[in-house]
Amino acid sequence: MKLTLHVWRQERAGVEGRMASYEASDVNPDMSFLEMLDVVNEDLSMKGEAPIAFDHDCREGICGSCGFVINGVAHGGHKGTTVCQLHMRHFSDGDVLYLEPFRASAFPVIRDLVVDRSAFDRIIASGGYVSAPTGSAPDGNAIPIAKEIADRSMDAAACIGCGACVAACPNASASLFTGAKLSHLNLLPQGRAEMRRRTLRMDSQVREELFGSCTNIGECEAVCPKEIRLEVIARMNRNYLLARLLRG
Amino acid sequence: MELKSNCPSGPIETAWEKHKFDLKLVNPANKRKLDVIVVGSGLAGASAAASLGELGYRVQCFCFQDSPRRAHSIAAQGGINAAKNYQNDGDSVFRLFYDTVKGGDFRSREANVYRLAQISVNIIDQCVAQGVPFARDYGGTLANRSFGGAQVSRTFYARGQTGQQLLLGAYQALERQVASGSVTMRPRTEMLDLIVVDGRARGIVTRDLVDGKIRVHLADAVVLGTGGYGNVFYLSTNAKGSNCTAAWRAYKRGAGFANPCFSQIHPTCIPVSGEYQSKLTLMSESLRNDGRIWVPRKAGDRRPASEIPPEERDYYLERRYPSFGNLVPRDVASRAAKAVCDEGRGVGTGLGVYLDFSDAVGRLGEQTVRERYGNLFDMYERITGENPYRVPMRIFPAVHYVMGGLWVDYDLMTTIPGLFCIGEANFSDHGANRLGASALMQGLADGYFILPYTLGDYLAKNPGTPLSEDEAPVEDVRREVEERTSRLLAIGGHRTAASFHRELGKLMWEECGMARNAQGLERALGKIPELREEFWQNVTVPGSGSDLNSSLEYAGRVADFLELGELMCLDALERKESCGGHFREEYQTADGEALRDDANFSFAAAWFHQEGRRPELVREPLEFAYVKPTQRSYK
């Protein structure tokens, strides 16, 4: 099949970008979306033009490197699927696709579809961990954890930090990402000791990073490739309220 | 030259304890004055950087990805082994040690493997304390599953995302150190060369992948946790960015490269669908616990799986290996799949075998199967468009892991003093074949529990000497990196780096893949230098060196693969025996199993670069005092 791509091209941060158009011909339905772009890029390279820059690495939907907006939807709108796992069999001959980077003040564009998501690392550094220095751990079975709790924690821990939630949110809120990490750690007995401190610190880092507030729209949950649920935001709000109250 | 493994003497059970006591310590006040560079932020790199930061060293950690959390350890699915014996099924440190030495086909160092098995139990404790949400039983204790090559249940897991959860644990510990100021994280930065001054590793030269600047970073020691080189085959289960450049540059600066031909082909990957294929996707080996592998009995049987009655199916692993069945080690399972496809009994494109869950669904119910493997089944369906609850999966072997890597001694130090190598990037623990769920174990053992001790010993014995960026040996390396980068940009030829990479990969897969022979290897040794020559004449790298240019990054990596591939073939040619993942067609038993030659090849082959000449081979003899080498049998 043959597709028309309109792609955001921007040479570097701080300069003006524009949409440029390309034809993708001979697209095979078994290709992944990124493989389709690989072919377009090979052609561009042979013509001496700069290929379209996009972040990617594992191509198995787990590293969280890839992600851009296809026709207005982060990761292209296939339930639980990153762009690297999105296959061309879901598109039709003649489709016109608009590819844009994740847009948010906290995610400045570096080039084309590549954005700077280092704000996420800073949110984790502010408190998204359990302080367990190497060598200090008791036996793994010393503290039993109910299966249901471990499972819920794992549901939240599945977040890959791709940033689609921020891109989809009209407020560019990082609540789903932050809530997922807080749920992962706060639900576990190992994470309880630092729960209040963690919650307050991560919240304050989120504000510093120019992310917006959550207004319960739910776009984040709809695009999340790991299907992280909105309940992590509700739990974050509860944890936050409790931490504020108990801080006195 | 002689290789000194520095393995401690005395009983193996207490060797590591004794050795730790013998290692020198660095005064806490002095740690603050010592700089350590860690390259790579996967399980090995991140755990090392975090632990070194906790100890008080000044650490700089580098990764080419935009965040340390994206290193390819994240994609490991199945699990991590530990000799906890929580299942009371007879596991022990000695059994894990025994299984690993045997699984590695007696080509690893006993002392290293024993230490690994001992440390395995601490890793689980450490990860649980960090909040890794391992699978649990209803009583709240940790759950286990069995894995290929083992008859006990010792694998800990977090759904099919164990690597992700362990890496996030290490990444969070690392970010905690970043916040405390002990670690400086340098993402989107690629190591392009190693700085060696007065015979010691003293720093690295990097390219900032955003602004293109070539920079020098100096330190008192350098640690490489840069992963494996499976992408030399172009198609592999590695991430697209995984590369050999850091390790290869270290080799070119004098580090020995051990057993480069030991690569692992994973038996359960999704088959290739077309020429545009950019990578292969692994389906966790844990699927072999409940899935049954088969092909039609008759060659050329093109009927759909559902129309082939049971008596016309060949469950060839269960038939050939009745005691291990579908759980034979990876190398055995991969070769058996190749054999049935060579006989014309492959399914799908002809390069595939069925992995069938219908019996498991019947026995356990779809819900239980979904709980165990749901995310893997979803992934399979996303990629192939087929529902594995209804039709059998099609799988085929693919390059997945390399056991070879930089040679290191018991302290994980390479042959360049001050240069350490950890995780998949070194050659240390898996011999000629790695058992499932052992890569995560090794990466974390190296990073959390071995390197922090052994690095201290080196630093205590080699107090820092002043060094500045403009001294000649440092400046020379920086200039060489700049020249190489400019040269790549200036060629302006007619082929993309990807086209060279694909050609190299095909050649490596055909001649140095699942089965090798002298003729094919010699053919490859003739062709690779020609291809490399053409690359440097005819590659085209668009764009400039002064901003984000993924074509330039990629071309540099392909250039190094074009050199490494040759060394792999040379090593494979020299090793005139079959062992583990290295199967030489000339050396096999009457029933087609690998035939080792312990009399002549019981050694680790370390190769040393010599400018303009054939690399020098130095052998490290392997001795087995605890596990007597036998022909592996999984029948």
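Residues numbered from 1 in each chain as written. Chains lettered and ligands numbered in written order. Predicted model: local features only at pLDDT ≥ 70, side-chain atom pairs only at ≥ 80, totals over all residues.

A. Representation of the domain arrangement of chain A within the structure. In terms of domain boundaries, chain A breaks down into domain 1 (3-111) and domain 2 (117-247). At the junction of the two partners, domain 1 of chain A supplies 18 residues and domain 2 of chain A supplies 17 residues. (Domains from an automatic or database assignment. Contact = placed C-beta atoms within 7 Å.)

B. Representation of the interface of chain A and chain B. Contact with chain A, which involves 70 residues of that partner, is made by 63 residues of chain B. Where the side of chain A that touches chain B is concerned, the elements lending two or more residues are helix H1 (33-46), strand S6 (109-111), helix H2 (118-127), helix H3 (147-157), helix H5 (175-186) and helix H6 (189-192) of chain A. Sort the elements by how many residues they give to the side of chain A that touches chain B and H1 of chain A lands first, with seven residues. (Helix = DSSP H or I, 4+ residues; strand = E, 2+ residues; numbered from the N terminus.)

C. Expanded view of the nonpolar core. Among the nonpolar cores identified, the biggest contains 279 residues, and Val166 of chain A together with Val36, Val223 and Leu406 of chain B are the most heavily contacted of them. Looking at which element gives the most residues to this core, the answer is helix H16 (residues 550-574) of chain B, with 13 residues. Beyond its immediate stretch of four places on either side in the chain, Val223 of chain B contacts Val36, Ile37, Val38, Val39, Ala48, Phe420, Ile422 and Leu451 of chain B. (Core = buried A, V, L, I, M, F, W, Y, C linked by C-beta atoms within 7 Å. Buried ≥ 20, exposed ≤ 12 C-beta atoms within 10 Å, placed from the backbone.)

D. The arrangement of the domain arrangement of chain B in detail. Residue and element names in this part refer to chain B. By domain assignment, chain B separates into domain 1 (267-399) and domain 2 (472-600). A separation of 31 Å is found between the C-alpha centroids of domain 1 and domain 2. Between domain 1 and domain 2, the contact holds six residues from the first and six residues from the second. The greatest single-element share of the side of domain 1 that touches domain 2, amounting to five residues, is contributed by helix H9 (residues 330-342). Of the residues that constitute the side of domain 1 that touches domain 2, the class distribution is two nonpolar, one polar and three charged. (Nonpolar A, V, L, I, M, F, W, Y, C, P; charged D, E, K, R; others polar.)

E. Expanded view of helix H13 (residues 472-490) of chain B. Residue and element names in this part refer to chain B. Here H13 is 19 residues long and its end C-alpha atoms lie 26 Å apart, about the 27 Å a rise of 1.5 Å per residue gives. Among the residues making up H13, those that are buried are Val474, Val477, Arg478, Val481, Thr485 and Leu488. An end-on view of H13 places all buried positions within 95° of arc, on one side of the element. Among the exposed residues of H13, those oriented more than 90 degrees off its buried face are Ala472, Pro473, Asp476, Arg479, Glu483, Ser486, Arg487 and Ala490. Note on H13: the residue one or two positions beyond its end, Gly492, has a positive phi of about 60°. (Expected span 1.5 Å × (residues − 1). Arc of directions from axis to C-beta.)

F. Structural detail: the packing of H2 of chain A against helix H7 (residues 195-208) of chain A. Residues and elements named next belong to chain A. At a minimum axis separation of 8 Å, H2 and H7 run at an interaxial angle of 150°. As the angle between them shows, H2 and H7 are arranged roughly antiparallel. Here H2 runs over H7; the crossing is right-handed. Here Arg122, Ile123, Ser126 and Gly127 of H2 lie close against H7, whose contacting residues are Arg197, Arg198, Arg201, Met202, Gln205 and Val206. The residue makeup of the contact of H2 with H7, split by class, is three nonpolar, three polar and four charged. (Axes fitted to C-alpha atoms, helices over the stretch in contact; angles between N-to-C directions. Parallel < 35°, antiparallel > 145°, perpendicular 65-115°, else oblique. Left-handed = near helix turned anticlockwise from the far one by under 90°.)

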